[in-house]
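Coordinate inspection notes
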Amino acid sequence: MYKIVRKHVFNPTETLLEIEAPAVAKKAQPGQFIILRVDEMGERIPLTVGGYDREKGTVTIIFQIVGASTFKLNQLEVGDCLHDFVGPLGRPTELTGEKVCVVGGGLGTAIAYPIAKAFHDEGKKVTAIAGFRNKDLIILHDEFSQASDKYIEMTDDGSNGNKGNVVVPLEKLLSEGEKFDKVICIGPVIMMKFVTQCCKKYNVPECVCSMNPIMIDGTGMCGCCRLTVGGKTKFACVDGPDFNAYEVDFDEAMQRGTMYKAFEKKAYEEAKCNLFKKEVK
Amino acid sequence: MWKEYKPNMALKKNPMPSQDPKVRAHNFKEVAEGYTAEMAIDEAKRCLGCPNKPCVAHCPVNIDIPNFIHEVALGNFEKAYEIISESSSLPAVCGRVCPQETQCEMKCTRGIRPGSEPVAIGRLERFVADWHNANFKGEIVRPKSNGHKVAIIGSGPSGLTCAGDLAKKGYDVTVFEALHLAGGVLVYGIPEFRLPKSIVQKEVDGLKQLGVKVETNMVIGRVITIDELLKEYHFEAIFIGSGAGLPRFLGIPGENLKGVYSANEYLTRTNLMKAYREDSDTPIEHAKNVAVVGGGNVAMDAARCALRLGAEHVYIVYRRSLEELPARKEEVEHAMEEGVDFQLLNNPVELFGDPETGLVSKMKVEKMELGEPDASGRRRPVGTGEYREIEVDCVIDAIGTTPNPLIKHTTEGLETNPHGCIVTKGESGLTSREHVYAGGDAVTGAATVILAMGAGKHAAKAIDEELMGK
């Protein structure tokens, strides 16, 4: 069993869990992901590795409560165990390029952080841009500040004093002549699409996106996570999750991401309702 | 010819008691309900006990068929089970999913004369295994350890068989499974109504009682590599039975629309994740008009799952004719009885979606005709240039799978052929790497449970010979 050793609630919708999983911790690298199941009838939930401690044998995940399964996951406390925890899956992020910009949006910042840190630890010059809906949803502020040479934090509503999405500062930097070897973006598909368009406009040599499509097994078995890259079908679980963003068909990926929207919404309402019933008892 | 009783000279097999097609098309309970003891004894007496045993030669693991059937006829069911067990590790599974009509039953003397059916060997095997599972009260004795460690990668039919054979010899066996549940294709692929999962669980539990360790959630190649298993974990031999899990797609426009599944995804959601149950958290689309592309057992399984998930119309779209359908005859018949609509000599060329929802809405197919035989010996389908459209809201590709490349990519010096199948030397299953053996679909490409089981057996023997220094 995989024990939860630390829980940190960032805000009502985002939570960090540190989980005992020595075999995973031993091998995990930035950009890879894990799959977990909360209980016997649970869904397989893919989540990108948010950090790892090889000595302690723990892996950190940060998740957003978006449906019934993540809602259930959030009900667990320190000392509770996950039913299943498998990984690391997927290919790690390639730490090439001397001067990089790591862009994270929303929960994507949780995944962007270990990548920024890995580049920074290797002595590369790192600019980090993170975007949130408002200042109450800002996470990992100190961590990003320490893992980058320059850190820009944006909010959609401007509540932190920096209004705008992540493309605004990126475009400003590039238009002012900043040269990056590589831009890595992680976040909602729509955000990655616009970051990619911006990079293309300013001829950034390399733009990488980290895809997080719907998945089941995570080992290349089901093809559910397929996407079109350079006109070819690729599996995010084994060929990715990082892809050359210039070649990714983002519109198709967005469409595929909505496959179970209605089901998820219903299941989420039911899960909340069931919890309410339990509490009333 | 047996002396104890007169043979039953009935021309036909005892029919298999089955759920009514109209009822079973809407539930996941097992379709075939199994023989009663009386039926089994009556059927067993149809076996003539021919001295040349053509059935045995055509069984991939050479079960002593006439002898086990003889014991059934005498009512000695446990003895019959012992005879089967000498050659087969998974009789309850094989009795259900083996293609007997192209193996043992194909050469049965009773089936030679026109109008006469072979002995129902498969049904008898299943009866014996089920009887044993329900009535055996003895304890499984854990063999004395010989101290040698062997790792098995994958808990499908080949891995379970190899593990069982080695454990019985006293080896310290650990099975590594990538998914959260052991059983491989037996749990994620073959549906409940054809192979109840409790039967697979029983087989796995039996291995655990023999001392086999089963480690789930272990993706070998990622969590631990083959080289680490040998050097750091000190396994003396490894058997790779990782199957053929990578789905193939048609490569036609529209294939990434929503509502288009690989059979692996559709079946995994349904069988492994139990999406058909109310209490499962995993979603699946409950479509109205489902087209399954392909003609193998997997296509039949997917089509029949779709019916059970509430589809109003399920098509099998296959580019050749009924004669070339690679699925077991029984599966095709069951699918037809349940109301699956076979659109034969039709080849999908494009899928169209609803522009607003992105959900697949139409499949364009080309009418085909059969030309000259191709490399597989089957007549090649040729396009006629005549097209039509079928309305669908779900498409399932069941056109085959190839071995997962993960182990190949992470194991230096492991030779594979251009199809990605691991290259092995003869029956032993030894790969291009010392101490590393392989078998099942990982070596042959997608095939049958019984062939995989046979490969697991041969590899177990070869591993034993290597480690015992024979």
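Computed from a predicted model, the values in this text were never measured in an experiment.

Quick look at helix H5 (residues 77–87) of chain B
All names here are of chain B. Among all positions in H5, only Phe77, Ala80, Tyr81, Ile83 and Ile84 are buried. The arc enclosing the buried residues of H5, seen along the axis, measures out at 160 degrees, which places them on a common side. In this structure, the buried residues of H5 make contact with helix H4 (65–73), helix H6 (91–97) and helix H7 (121–135).

Describing the pairing of strand S8 (residues 99–105) of chain A
Looking along a regular strand, one sees the side chains alternate between the two faces of the sheet. All names here are of chain A. Among the 7 residues in S8, 6 count as buried, and that is most of the element. With 7 bridges connecting them, S8 and strand S9 (residues 125–132) associate as parallel partners. When the bridges of S9 are listed, Gly105 appears paired with Gly131. You can see the chain leave S8, run along helix H3 (residues 108–121) and come back into S9, and the turn it takes is right-handed. Alignment of S8 against strand S11 (residues 182–186), held across 5 bridges, turns out to be parallel. Bridge assignment links Gly104 to a residue of S11, and that residue is Ile186.

Details of the domain arrangement of chain A
Residue and element names in this part refer to chain A. Assigned domains of chain A: these are domain 1 (2–89) and domain 2 (99–256). Once you take the C-alpha centre of each, domain 1 and domain 2 turn out to be 21 Å apart. Opposite the 16 residues of domain 1 that make contact, domain 2 presents 18 residues. Only strand S1 (2–11), strand S3 (33–37), strand S4 (45–53) and strand S5 (58–64) provide two or more residues apiece to the side of domain 1 that touches domain 2. A breakdown of the residues in the side of domain 1 that touches domain 2 according to their chemical character gives 8 nonpolar, 6 polar and 2 charged.

A look at the sheet that holds strand S1 (residues 149–153) of chain B
All names here are of chain B. The 5 strands are arranged S3-S2-S1-S4-S15 in an open sheet whose pairing can be described as parallel. The open sheet has two edge strands with one neighbour each: strand S3 (213–215) and strand S15 (436–438). The average undirected angle you get between the axes of adjacent strands in this sheet is 20 degrees. Pairing of strand S4 (residues 237–240) with S15 involves 3 bridges; the strand directions are parallel. Across the sheet, the residue bridging to Ile240 is Ala438, located in S15.

Here we look at the interface of chain A and chain B
Contacts between the two partners involve 33 residues from chain A, matched on the other side by 28 residues from chain B. Within the residue set of the side of chain A that touches chain B, elements represented by two or more residues are helix H1 (22–27), helix H2 (68–75), strand S7 (84–89), strand S13 (226–229), helix H8 (250–256) and helix H9 (261–280) of chain A. Looking at which element gives the most residues to the side of chain A that touches chain B, the answer is S7 of chain A, with 5 residues. When the residues that make up the side of chain A that touches chain B are grouped by side-chain class, the tally is 17 nonpolar, 8 polar and 8 charged.

Some words on the sheet that holds S4 of chain A
All names here are of chain A. The strand order across the open sheet formed by 7 strands is S6-S1-S2-S5-S4-S3-S7, and the pairing between neighbours is antiparallel. Two strands close off the open sheet at either side, each with one partner strand: strand S6 (81–82) and S7. H2 contacts strand S2 (14–20), S4 and S5 of the sheet and is inclined by roughly 130 degrees relative to S5. With respect to the sheet, H3 is in contact with S4 and S5, its orientation differing from that of S4 by roughly 40 degrees.

Examining helix H14 (residues 329–338) of chain B
All names here are of chain B. For H14, the set of buried residues is Glu331, Val332, His334, Ala335 and Glu338. Viewed end-on, H14 has its buried residues packed into an arc of 165 degrees, placing them on one side of the element. Of the residues one or two after H14, Gly339 is the one with positive phi, at around 105 degrees.

Re the packing of helix H8 (residues 157–168) of chain B against helix H17 (residues 449–467) of chain B
Residue and element names in this part refer to chain B. Their axes nearest at 7 Å, the elements H8 and H17 cross at an angle of 35 degrees. For the pair H8 and H17, the crossing hand works out as right-handed. Along the contact surface, H8 presents Pro157, Ser158, Gly159, Thr161, Cys162, Asp165 and Leu166, while H17 presents Val449, Ala452, Met453, Ala455, Gly456, Lys457, Ala459, Ala460, Ile463 and Asp464. In terms of residue class, the contact of H8 with H17 is made up of 10 nonpolar, 4 polar and 3 charged.

The rules we used
Residues numbered from 1 in each chain as written. Chains lettered and ligands numbered in written order. Predicted model: local features only at pLDDT ≥ 70, side-chain atom pairs only at ≥ 80, totals over all residues. Buried ≥ 20, exposed ≤ 12 C-beta atoms within 10 Å, placed from the backbone. Helix = DSSP H or I, 4+ residues; strand = E, 2+ residues; numbered from the N terminus. Arc of directions from axis to C-beta. Contact = placed C-beta atoms within 7 Å. Pairing = 2+ DSSP bridges. Right-handed = clockwise from strand over helix to strand, strands pointing away. Domains from an automatic or database assignment. Nonpolar A, V, L, I, M, F, W, Y, C, P; charged D, E, K, R; others polar. Axes fitted to C-alpha atoms, helices over the stretch in contact; angles between N-to-C directions. Left-handed = near helix turned anticlockwise from the far one by under 90°.

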